[in-house]
Amino acid sequence: MIVTVTPNPSIDRTIALPGRLERGEVHRVAEVSEQPGGKGINISRACVGAGVATVAVFPAEVESPFARSLADAGVPTAPVPPAGPMRVNLAVTEPDGTTTKLNAAGARVTPADLEAVALAALAVPAEWAVLAGSLPPGADPGWYAGLAARLRAGGRRVAVDTSDAALAALVARLEHDTAPALLKPNAEELADIVGVPARMLEGDPERVALAAAGLVERGVAAVLATLGGAGAVLATSAGAWHATPPAIRVVSTVGAGDSSLLGYLLADLAGAAPADRLVSAVAWGAAAASLPGTTVPTPSQLRTDEVRVRRLGTPTPSRLSNEGVPTWQN
């Protein structure tokens, strides 16, 4: 069972253009699609397609079109009263897969609003709890860190996929007895964590592995760093691996990272070794990137046998920082 927690869900509207996006110009639209969105929502939707038990926790009216659409898709939900209207996120996609996203902030919340979300998540007897996406306006940046500790104390393994202040607060509070079992940053987010320019990690899996290893040393059981078209790196106490995806035609990258996270969790639930969990993550992410909008892939669309994985050596700290010492080792 996987419970997903999405405190700031969205209606995801994708606009597909027949050509290149040009600023200030009038464009004709090839296609418009709309789906219930938010990182945790995407993961629960994919769970249903993979035949894995899930419950999606999020703020929305029980009879709202958002909640009803998930129910119609067979997604078990535990909605809690919202603080305000559902936000709408826009994604503009070009034929070559380039995606421009315009994300709204969401309704302002109070501590009571978020406690309702937390209690709903704690009530689900899941093996994995996924805390995903941005926090809404008014939220304490440390909310994910606090909920992760509560869920872990209740026997759940916790995966976190977030960014900005919420990610910084989580990392600042890392301790071995409360750290999440899985952290899923992208290259830019990982660079922010360790305090180096993103360009130092992009295209260099060994440097990514070193940055991720610092988080493992602080108690995170596994760090899955997604690198877009370059695949992903997985770091655990047992070592680090890099996997590259199959060749695909990129249609939309929206939600690809969410599918990568799910691919990792599905392999973990099946008892797979670390390298095989990484292969599953990359296969799921690539499948998602080949689909329009935030469409989630199904197992039949995976090309797992085309994913290439290799074990990484132990890099030296001088490769990560101009001063020779990563900020997390200072």
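Residues numbered from 1 in each chain as written. Predicted model: local features only at pLDDT ≥ 70, side-chain atom pairs only at ≥ 80, totals over all residues. Heavy atoms only, no water.

> Just give me the short version of empty space enclosed by the protein, but keep the residues and values in it.
Per the counting criterion, the structure on display carries one cavity of 30 Å³ or more. For the largest cavity, the calculated volume is near 150 Å³. Together, 17 residues line the largest cavity, and Pro7, Pro9, Pro59, Ala83 and Ala107 are the ones closest to its centre. The biggest single contributor to the lining of the largest cavity is helix 3 (residues 111–122), with three residues. (1 Å grid on protein atoms, 1.4 Å probe; cavity = no way out; pocket = protein on both sides within 12 Å on 5 of 7 lines; lining within 4 Å. Points joined across faces, edges and corners; volume = space filled by probe spheres on them. Helix = DSSP H or I, 4+ residues; strand = E, 2+ residues; numbered from the N terminus.)

> Tell me about the packing of helix 6 (residues 187–194) against helix 7 (residues 205–217), and please be specific about residues and values.
Two elements in contact, helix 6 and helix 7, have axes separated by 10 Å at closest approach and are oriented at 55°. Put simply, helix 6 runs oblique to helix 7. Where helix 6 crosses over helix 7, the two elements pack in a sense that is left-handed. Contacts between helix 6 and helix 7 involve Leu190, Ile193 and Val194 from the first element and Val208, Ala211, Ala212 and Leu215 from the second. Partitioned by chemical class, the residues of the contact of helix 6 with helix 7 number seven nonpolar, no polar and no charged. (Axes fitted to C-alpha atoms, helices over the stretch in contact; angles between N-to-C directions. Parallel < 35°, antiparallel > 145°, perpendicular 65-115°, else oblique. Left-handed = near helix turned anticlockwise from the far one by under 90°. Contact = heavy atoms within 4.5 Å. Nonpolar A, V, L, I, M, F, W, Y, C, P; charged D, E, K, R; others polar.)

> Could you give an account of the sheet that holds strand 12 (residues 232–236), naming the residues involved and the relevant values?
Across the sheet, which stays open at both edges, the 10 strands sit in the order 5-4-1-8-9-10-11-12-13-14 with mixed pairing between neighbours. For this open sheet the edge positions go to strand 5 (77–80) and strand 14 (308–311), each flanked by a neighbour on one side alone. Sheet contacts for helix 9 (residues 274–289): strand 11 (222–226), strand 12, strand 13 (239–244) and strand 14; angle to strand 13, the most-contacted strand, approximately 30°. (Pairing = 2+ DSSP bridges.)

> Explain the environment of Val52 residue by residue, including any values.
Take Val52: it is sitting in the loop between helix 1 (39–50) and strand 4 (54–59). Each C-alpha atom of the pair Val52 and Leu269 lies 9.6 Å from the other, and the pair is 217 residues apart in sequence. Beyond its immediate stretch of four places on either side in the chain, Val52 contacts Ile2, Cys47, Leu266 and Leu269.

> Residue-level account of the environment of Ala273, with values.
As for its position among the elements, Ala273 is in the loop between helix 8 (256–269) and helix 9. In this structure Ala273 comes out as partly exposed when scored by relative accessible area, which is 40%. Separated by 119 residues in sequence, Ala273 and Gly154 have C-alpha atoms that sit 25 Å apart. (Buried < 20%, exposed > 50% of the residue type's maximum accessible area, 1.4 Å probe, protein only.)

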